[in-house]
Structure formats: structure tokens, C-alpha cells
Amino acid sequence: MDEQTPLDEGMQQPASDNMPVEAEILEYWTETIPWIMGIATMLAFYFLWTFRNVMVYSGLMLSGNLEETAGYWFGFIGMAAPCIYMTYSLYRFAVLLRQATQNRDQYAATQAFRPLRHFFIILLCLSLVSIAALAAGPALELLGNLAGEPNQL
Amino acid sequence: MDHTDAETPYPEEHSERAGTGLEWSDALRYSIRRCARVGEWAILAIIVASVVVTLSTLYNFYVWLDDYSGEFYLLEGDNKQRMWGFITSLTAVGLSLRASWQLRNAMRYLLWGADDYEDSETLAAGFYDLRDGMRWYGYWSIFLLACYTLEAFVF
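So, a few notes on the structure that sits alongside this text. The shown structure was predicted, so the numbers you read here are calculated from the model rather than taken from an experiment.

Counting its secondary structure elements, chain A contains 3 helices and 0 strands. Ordered by position from the N terminus, the helices and strands of chain A form the series α-α-α. A burial count over chain A gives 33% of its 153 residues as buried. When contacts within chain A are restricted to residue pairs at least 6 apart in sequence, long-range pairs at least 24 apart make up 63% of them.

This is the structure:
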């Protein structure tokens, strides 16, 4: 006699008829992890170096005026926070991917792509800001030239 | 005990399933799909930014050379720094573009592969390109860090 099973059985757990992750893909993941770790480490050094330069060139952000000093620090934190979070996200992605490959941890594999998504979101925002900043200079110059031409004539 | 063909898996198939222990669950596919969708746009923005930086660098260098008067000597004034900046900027952008192109392919394959429940070859291609893209970004970051270190000690 067939056993009667509830219809929603297996809905909370991964279905057993899912395709397996091939050994080839696990090999790719394993080879990717050291590169991601390396990029995260070097990005951290790069950001620290840039922040150090910013601090040095702005006189360690210590001016006599309290509002000015606070403004510097808020600007600095506002600039540093996304960079630090980007580096952390990349590091977290590498750690979770390593956990997934070494322990064959399905949950870690699923969670690994969340920090990578956060990394891409911040990267997208920073890229758009960079493009706007790069394009703003020539655009303003062009507009200035166009506005100045009739006066020169 | 009678084993029919339907009950007995092929040896290769059996060993593959037993070897990995991970599976393409719906949650994993969903996670990859969400990541790849944002990743594709982010990489596209990086490619556009790289092109803008290249054009800006070339334009600035052209303007500088155009305004330059007299004989050009590399060690005169800040010529050395300018030439160094020009060459390293273009090399860094080139490496970044190479990596971005590979990652763009990776994101597209991952996006397509996450939707395909029958075949994981596309996902494999995506992760292959992801590995290569990260490798190129690794070269890029090594180059950038080496340049910064060299600038700190030499210039």
C-alpha cells in the first residue's frame, strides 16, 4: 500500500531532484577564491593609501574652526564608508564561497551571492557618480565657451 | 536482487552526484540571478567609465603636448611624472576593460544559466568567466598598487 504523503512535503528543503553542482564548477569556485581575497586585500590597501593622502593634503583635517573640522570628517566618512563596505562585501563573498566548497554547505553557497550583489550595487553607484563627475567638467567648459562666444564677438 | 536499467544509474552520473554534495536549488538560482542582474549593469557602468577616463586622459595629454613649447626632454620639469601618469593610466584602464569584458560575459551567462533548469553548462561558462574576470582584476589591482608604491618611493 502506498504511503500517503502531504503535498507540501519537501517544500522547505531543497528538492532532491535538483541538478547537482558539478565538480568542474566547484573547481572554478575554488580557483576564484584566492583572487577575490587578493583583490579585497589590495583594495583595502589602496583605499587606506588614498585616505591617508587625503588626510595629509587636507592638513589632517584639523583646522581651528570646529564646523570646518566636522565637515571634513563627515565628508571623509561619507567617502570611506562605501569603499570599506565594498571591500568587506568582497571578502565576505570569498569566505562564504570557501565555506560552501570546503564543507559542501548549501546554505553558504546560497548566501555567498548576497554580498557580491551588495558589492555590485555600490560599484554601480560609484561608477555613475564617477561618470557624472568626469563628464561634468568638459560639459561645463563647453557650456561656458558657448555662453562666452557671443560676448567675445 | 533484480536491478533494472531505470533503477541503476550510470557510474559517471552516480559518482558525480555523490562527489559534489551541492545542488542547484531554487534559492541558489534566485540568488545568482539577482546578483548577475545588478552585476551586469555595474560592469556596463564600469566599461563606460573606463572609456570616459581613456578619452579624458588622451585629451589632457594631447592638450599638454599641444601647449608644450620648445624641445621635449623627459627629465625636464614634470615631464617624467606626466609621461608616467599617462602610461600607467592607460595600462590600468586597459586591464580594467579586459577584466570588465570578461565579467560582463560572466554576468550574462549566469543570468541565462540561472533561468535554465535543464542545463548547467551555461552556469559553468559563467563561473569560468567569473574566475577569469577576477583574475584580470587581480592583475589590475597588483599593477595599481605597484604603481602607487613606486610613486611613493621614486617620485
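There's plenty left to go through after this.
The next subject is a nonpolar patch on the surface. On the surface, a nonpolar cluster with roughly 440 Å² of combined accessible area is contributed by A:Leu140, A:Leu142, A:Leu143 and A:Leu146. Residue classification places A:Leu140 among the exposed residues on the basis of a relative accessible area of 60%.

Let us now look at the packing of aromatic side chains. Under the definition given, this model contains 18 aromatic pairs over all chains. With 5.5 Å between their ring centres and 70° between their planes, A:Tyr28 and B:Tyr128 make a pair best called edge-to-face. Here A:Tyr28, found in helix α1 (residues 23-57), pairs with B:Tyr128, found in helix α4 (residues 121-154), and the two come from separate chains. Since its relative accessible area comes to 36%, B:Tyr128 is described here as partly exposed. An angle of 45° between the planes, with centres 5.7 Å apart, marks the rings of B:Phe61 and B:Trp64 as tilted. Here B:Phe61 pairs with B:Trp64, and both are found in helix α2 (residues 26-67), just 3 residues apart, close to one helical turn. The burial state of B:Phe61 is the same as that of B:Trp64; both residues are buried. A network of ring pairs unites the aromatic residues A:Trp29, A:Phe93, A:Phe113, B:Trp24 and B:Phe127 as a single cluster.

It is worth spelling out the packing of α2(B) against helix α3 (residues 79-115) of chain B at this point. Residues and elements named next belong to chain B. Viewed as axis vectors pointing N to C, α2 and α3 meet at an angle of 155°, and their least axial separation amounts to 8 Å. Classified by the interaxial angle, the pair formed by α2 and α3 is roughly antiparallel. Classified by chirality, the crossing of α3 by α2 is left-handed. In the contact of α2 with α3, the residues fall into 20 nonpolar, 9 polar and 8 charged.

Residues and elements named next belong to chain B. Packing of α3 against α4 brings their axes to within 7 Å, and their N-to-C directions diverge by 160°. One finds that α3 runs roughly antiparallel with respect to α4. Relative to α4, α3 is oriented so that their crossing is left-handed. Among the residues forming the contact of α3 with α4, the class breakdown is 24 nonpolar, 10 polar and 4 charged.

Conventions and cut-offs
Residues numbered from 1 in each chain as written. Chains lettered and ligands numbered in written order. Predicted model: local features only at pLDDT ≥ 70, side-chain atom pairs only at ≥ 80, totals over all residues. Heavy atoms only, no water. Helix = DSSP H or I, 4+ residues; strand = E, 2+ residues; numbered from the N terminus. Buried < 20%, exposed > 50% of the residue type's maximum accessible area, 1.4 Å probe, protein only. Contact = heavy atoms within 4.5 Å. Patch = residues over 30% accessible without salt bridge, like charges linked within 9 Å, V, L, I, M, F, W, Y side chains within 5 Å. Areas by Shrake-Rupley, 256 points an atom, 1.4 Å probe, with all protein chains shown as cover. Salt bridge = Lys/Arg side-chain N within 4 Å of Asp/Glu carboxyl O. Phe/Tyr/Trp six-rings, centres within 6.5 Å; stacked < 30°, edge-to-face > 60°. Axes fitted to C-alpha atoms, helices over the stretch in contact; angles between N-to-C directions. Parallel < 35°, antiparallel > 145°, perpendicular 65-115°, else oblique. Left-handed = near helix turned anticlockwise from the far one by under 90°. Nonpolar A, V, L, I, M, F, W, Y, C, P; charged D, E, K, R; others polar.

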